[in-house]
Structures are given as structure tokens and as C-alpha cells.
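Chains, contacts and geometry: an overview
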Amino acid sequence: VQLQASGGGLVQAGGSLRLSCAASGRTFSIYDMGWFRQAPGKEREFVAAITWSTGRTYYADSVKGRFTISRDNAKNTVYLQMNSLKYEDTAVYYCAADTGKGISTRPRSYDYWGQGTLVTVSS
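Let me sum up the structure you'll find in this document. All figures in this text were calculated on a predicted structure; none of them were measured in a lab. (Residues numbered from 1 in each chain as written. Predicted model: local features only at pLDDT ≥ 70, side-chain atom pairs only at ≥ 80, totals over all residues. Heavy atoms only, no water.)

Here's the deal with the pairing of strand β11 (residues 117-122)
In summary, the side chains of a regular strand alternate between the two faces of the sheet. The alternating pattern of β11 places T117, V119 and V121 on a buried face, while none of L118, T120 and S122, on the opposite face, is buried. The pairing of strand β2 (residues 9-12) with β11 spans four bridges and is parallel. Bridge pairing in β11 places Q12 opposite S122. Both strand β9 (residues 91-98) and β11 contribute to a ladder of three bridges, which runs antiparallel. Of the residues in β11, the one forming a bridge with V92 is L118. (Buried < 20%, exposed > 50% of the residue type's maximum accessible area, 1.4 Å probe, protein only. Helix = DSSP H or I, 4+ residues; strand = E, 2+ residues; numbered from the N terminus. Pairing = 2+ DSSP bridges.)

See the structure below:
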């Protein structure tokens with residue numbers, strides 16, 4: 001499975017961005033997909049995840065009510081709509097795919113990773 005993340009950029013606080021993650025290869029093996037982020041000097045942290053088949057979603061408390069994860073099975077693409085962005089949302093955002101361990105907030109549970117896309121929120 002190959003993952004290609006895109007959509008990052010520079011946005012003012014309070015603004016919005018939509019990230020995309022396109023999956024290719026053995027996409028039939030994907031069980032769920034997640035978004036993580038890593039700010040400079042910090043550990044990679046869970047943002048949101050979605051079950052590929054049912055669309056069930058999970059969010060970190062820090063983004064609930066502001067971020068929405070969704071998927072388009074026909075396009076093998078997962079999206080992260082980010083609204084009301086805050087300075088502390090600044091990070092490199094990574095998408096990841098799990099092939100059967102089930103939804104998890106732990107990076108080690110995911111088998112494949114995209115290259116990351118930088119989101120910078122100016123205050």
C-alpha cells in the first residue's frame with residue numbers, strides 16, 4: 001500500500017484546510033486509516049481515524065468539533081477537514097493505514113505511512 005498525502009499549507013488562525021490521502025496498491029487490505037501529526041520537538045500524536053468499511057470515526061479530544069475525517073472508497077482517499085485552526089495545530093500531518101489490527105491511537109499499530117504534509121497556522 002502506498003499513501004500520498006497532500007493539502008497542507010499556511011493558514012491564519014481560525015481558517016480552514018482540507019488534507020487528502022490517496023491510497024494505491026493493495027488497498028483491499030486496508031482496514032482503517034488514520035491521521036497523525038508531529039510538531040517540532042514533540043512525539044507523533046493521534047488526530048483522527050476512520051474504519052474503511054463502516055466509516056466509523058474517532059478523534060483526539062484536542063480536535064473534536066473542529067476536524068472531520070471522511071473517506072471516499074471509490075477514490076481510495078481519506079480526507080481531513082480542519083476548521084477553526086489554532087496555532088497549536090501547526091505540525092507535519094501524516095496519514096497511515098492499518099491492515100487489520102483495528103482502530104488505534106498508537107502509531108505502531110499502523111502498517112503504512114504517507115510522506116507527511118506541513119500545516120502551518122499563523123497566530
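From this point, things continue past the structure.
Some points on the environment of Y59
Structurally, the position occupied by Y59 is in strand β6 (residues 57-59). Taking the C-alpha atoms as reference points, Y59 and G25, 34 residues apart in sequence, are found 27 Å from one another. When residues no more than four places from it in sequence are discounted, the contact partners of Y59 are F46, V47, A48, K64, F67, T68 and I69. A distance of 2.9 Å separates a polar atom in the side chain of Y59 from the backbone nitrogen of I69. (Contact = heavy atoms within 4.5 Å. Polar contact = N/O pair within 3.5 Å; in protein donor to acceptor, adjacent residues only side chain to side chain.)

Considerations on the nonpolar core
Judged by nonpolar contacts, the single largest core of 35 residues is most densely connected at W35, L80, M82 and Y93. Among the secondary structure elements, those contributing two or more residues to this core are β1 (2-6), β3 (17-24), β4 (32-38), β5 (45-51), β7 (67-72), β8 (77-82), β9 and β11. In contact with Y93, not counting residues within four places along its chain, are L19, W35, F36, R37, V47, F67, L80, M82, G116, T117 and V119. (Core = buried A, V, L, I, M, F, W, Y, C linked by side-chain atoms within 4.5 Å.)

Here we look at the packing of aromatic side chains
Summed over all chains, the structure comprises five aromatic pairs. Between F36 and W113, the ring centres sit 5.1 Å apart and the planes meet at 55°, which makes this aromatic pair tilted. Taken together, the positions of F36 in strand β4 and W113 in strand β10 (residues 112-113) put the pair 77 residues apart, joining distant regions of the chain. Note on Y94 and W113: the rings are 6.5 Å apart at their centroids and 80° apart in plane angle, and the pair reads as edge-to-face. Taken together, the residues Y94 in strand β9 and W113 in strand β10 connect sequence positions 19 residues apart. Residue classification places Y94 among the buried positions, given a relative accessible area of 15%. We classify W113 as partly exposed; its relative accessible area is 28%. (Phe/Tyr/Trp six-rings, centres within 6.5 Å; stacked < 30°, edge-to-face > 60°.)

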